[in-house]
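Below, each chain spelled out in residue letters.
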Amino acid sequence: MSEELQEINDVVKEIAMFIQEDKSVKPDFEEYLKTVSGSMNLQAAYFNYIFERNLGMKSIPELYIENSKKLSASHKKIAEALKKSVSSVFEVKKVMKSGFELYNVINERIYNVTSLVKMTSFRGVGGGQFVIARIFEYKKVYYLLEISGVLSASRKDDALRFAVAKIIENPELVYEDNPGKLKEIEKDIKKVHKSFLEYFGTDEVVTTNKYADDLIGMFNDYAEGGEKTDWHDKIKLPEEYKFFNVNEFHNSYENFLENSLGGFSSHSEEYDVGVIFDEELGMYAIPFYGTFNKIFEAKDYTKIVNFDKCIEYFLNNDKFSANLIKRVAEKHENFLKVVNAVLGCDMTLDEILKKYKSRYLDKKIVSSTTVLYRSKAFSNTLGIIEEEENRPKIEIDHKIGRNDPCPCGSGKKYKKCCGCV
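The sections below set out a description of the structure shown in this document. No experiment lies behind these values; they were computed from the predicted model shown.

## Observations regarding the nonpolar core
Moving on, step 1. Core analysis: the biggest nonpolar cluster contains 77 residues, and F292, F296, I311 and F314 have the highest contact counts within it.
Moving on, step 2. In terms of residue count, the dominant contributor to this core is helix α6 (residues 156–169) (seven residues).
Moving on, step 3. The contacts of F292, once residues within four sequence positions are left out, are C310, I311, F314, I325, V328 and F335.
Moving on, step 4. Grouped together as the second largest cluster of nonpolar side chains are 32 residues, I15, Y49, I78 and F136 included.

Right, here's the structure in full:
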């Protein structure tokens, strides 16, 4: 193993020890292990925690850098690089002596990645298969941190569905590390924003969830083909502005994609939806946007059902951008007064955004609705979505036992299939 690989592995091991020993992190990590016990193996749990968990708006690698004494310059640089690691869905193009050639299904780029462990650890992973993997760049070389899921070539539909689900959760994955794709998306935003203003005469409209899908569909017809139909009868406001939990927003992997794309009209409860076009980040469809604004317009906002939960929902939901909060704050002079009263604090708008929307302050995150239009994974998925019972789940374990089913999808035991190679 080269010195570079050894040093990277050392840092990963140090971070793993850090989360077990640091006084500020250890209690949270132990609690996390309890919640995932039985659902994933220990190694997967460690990687998930290290690269997906944030404490106090800081990532675990950030906390490792801050709290580790006498950290060498090279170890700090490696930890900084690990902060920017990306988990995505990849198609295996080639298996090489020290790594893989992988096609990132989400951002549509090919990567040559070097494995941090011996390639024998990935025996059974071959060309044409799909993997859920985490990679990162250090000194202009891409390294493979882990493969957490393997899908056979015959399960391309599942790979695409999973890719789209990840895009909806983190739309920036489509254009991060792909400047050409970002330029395409920014060009689309400029063009469609102009169409939105032409069609509606404003950059935001509010209706109920029963009509939101029709309204969006009519606008899409106009944006794509210039067909301008009268949309005014699709503007229906709720009888009462109030906030509540919507069951359909709580999705597992098996129904996440269908519920995300199935539309608002399929939801049983009625609530308001704001259709908004942000000049910088694209189009959004925001549940309870009308209710959120009404809180700052009402003579007595405490009369609005669950007004406090609504404010907390907009601040804590990472799907709602800093631009959205600024938009509402700029419309209502009493925004800070009401928000601070509900939160029991005295913050400026900048402090609120830094506390609740730091993700959007650190990087550009275009709306998932806008990004999906430029995603090949999404366009390919539209033709395969169907209702299926008992869909097989993704294997989240790259350490395959000899008697386990082979990840290639043959149905044979690993030792009788790829494990005998």
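## Concerning the side chain of R134
Moving on, step 1. Relative to the helices and strands, R134 is located in strand β6 (residues 130–138).
Moving on, step 2. A distance of 3.0 Å separates a polar atom in the side chain of R134 from a polar atom in the side chain of S85.

## So, the sheet that holds strand β10 (residues 282–287)
Moving on, step 1. Spatial ordering of the open sheet is given by β8-β9-β10, a layout of three strands whose pairing is antiparallel. Pairing within the sheet leaves two strands with one partner each, and these edge strands are β8 (204–208) and β10. Taken pair by pair, the neighbouring strands of this sheet meet at an average axis angle of 20°, ignoring direction.
Moving on, step 2. One ladder, built from five bridges, connects β8 with strand β9 (residues 272–278); its direction is antiparallel. Bridge pairing in β9 places E204 opposite I276.
Moving on, step 3. Each of β8, β9 and β10 touches helix α7 (residues 179–200); the most contacted strand, β9, lies at about 125° to it.
Moving on, step 4. Across the sheet, helix α8 (residues 209–225) lies against β8, β9 and β10, angled at about 140° from β8, the strand it touches most.

## Remarks on empty space enclosed by the protein
Moving on, step 1. What the rule picks out here adds up to two cavities of 30 Å³ or more.
Moving on, step 2. If you add up the space inside the largest cavity, you get close to 50 Å³.
Moving on, step 3. Lining the largest cavity, in full, are I276, D278, Y284, I286, F320, S321, L324 and R327.
Moving on, step 4. Looking at the lining of the largest cavity, the elements that each hand over two or more residues are β9, β10 and α12 (322–331).
Moving on, step 5. Of the residues in the lining of the largest cavity, the class split is five nonpolar, one polar and two charged.
Moving on, step 6. Lining the second largest cavity are P238, E240, K242, F244, E270, Y271, D272 and T291.
Moving on, step 7. Here the residues of the lining of the second largest cavity sort into three nonpolar, one polar and four charged.

## Regarding the pattern of salt bridges
Moving on, step 1. All told, the structure shown has 26 salt bridges when counted by the stated rule.
Moving on, step 2. The closest approach of N and O atoms between E66 and K58, which form a salt bridge, is 2.7 Å.
Moving on, step 3. Overall, the relative accessible area of 47% leaves E66 in the partly exposed class.
Moving on, step 4. Residues K234 and D214 are paired through a salt bridge, measuring 3.5 Å at the closest nitrogen-oxygen approach. One end of the pair, K234, is in the loop between α8 and α9 (253–261); the other, D214, is in helix α8, with 20 residues separating them in the sequence.
Moving on, step 5. With relative accessibility at 19%, the residue K234 sits in the buried group.
Moving on, step 6. Among the residues examined, D214 registers a relative accessible area of 37% and is labelled partly exposed.

## Quick look at the sheet that holds strand β4 (residues 99–104)
Moving on, step 1. In space, the five strands of this closed barrel follow the order β3-β4-β5-β7-β6, with mixed pairing throughout. Between one strand and the next, the sheet's axes are offset by a mean angle of 55°, whatever the strand orientation.
Moving on, step 2. Strands β5 (109–115), β6 and β7 (141–151) of the sheet are contacted by helix α1 (residues 3–21), whose axis makes an angle of about 60° with β7.
Moving on, step 3. Running at roughly 150° to strand β3 (residues 86–95), α6 makes contact with β3, β6 and β7 of the sheet.

## Side note on the packing of aromatic side chains
Moving on, step 1. The full count for this structure, using the stated rule, is 32 aromatic pairs.
Moving on, step 2. For the pair F264 and Y271, a centre-to-centre distance of 6.5 Å together with 80° between the ring planes defines the contact as edge-to-face.
Moving on, step 3. On the basis of an interplanar angle of 80° and a centroid distance of 5.3 Å, the ring pair of Y313 and F320 is categorised as edge-to-face. Here the two residues Y313 and F320 agree in accessibility, since each one is buried.
Moving on, step 4. Across from the ring centre of Y103, 5.7 Å away, lies the NZ or CZ of K93, which sits over that ring.

The rules behind these values
Residues numbered from 1 in each chain as written. Predicted model: local features only at pLDDT ≥ 70, side-chain atom pairs only at ≥ 80, totals over all residues. Heavy atoms only, no water. Core = buried A, V, L, I, M, F, W, Y, C linked by side-chain atoms within 4.5 Å. Buried < 20%, exposed > 50% of the residue type's maximum accessible area, 1.4 Å probe, protein only. Helix = DSSP H or I, 4+ residues; strand = E, 2+ residues; numbered from the N terminus. Contact = heavy atoms within 4.5 Å. Polar contact = N/O pair within 3.5 Å; in protein donor to acceptor, adjacent residues only side chain to side chain. Pairing = 2+ DSSP bridges. Axes fitted to C-alpha atoms, helices over the stretch in contact; angles between N-to-C directions. 1 Å grid on protein atoms, 1.4 Å probe; cavity = no way out; pocket = protein on both sides within 12 Å on 5 of 7 lines; lining within 4 Å. Points joined across faces, edges and corners; volume = space filled by probe spheres on them. Nonpolar A, V, L, I, M, F, W, Y, C, P; charged D, E, K, R; others polar. Salt bridge = Lys/Arg side-chain N within 4 Å of Asp/Glu carboxyl O. Phe/Tyr/Trp six-rings, centres within 6.5 Å; stacked < 30°, edge-to-face > 60°. Lys NZ or Arg CZ within 6 Å of the ring centre and 35° of its normal.

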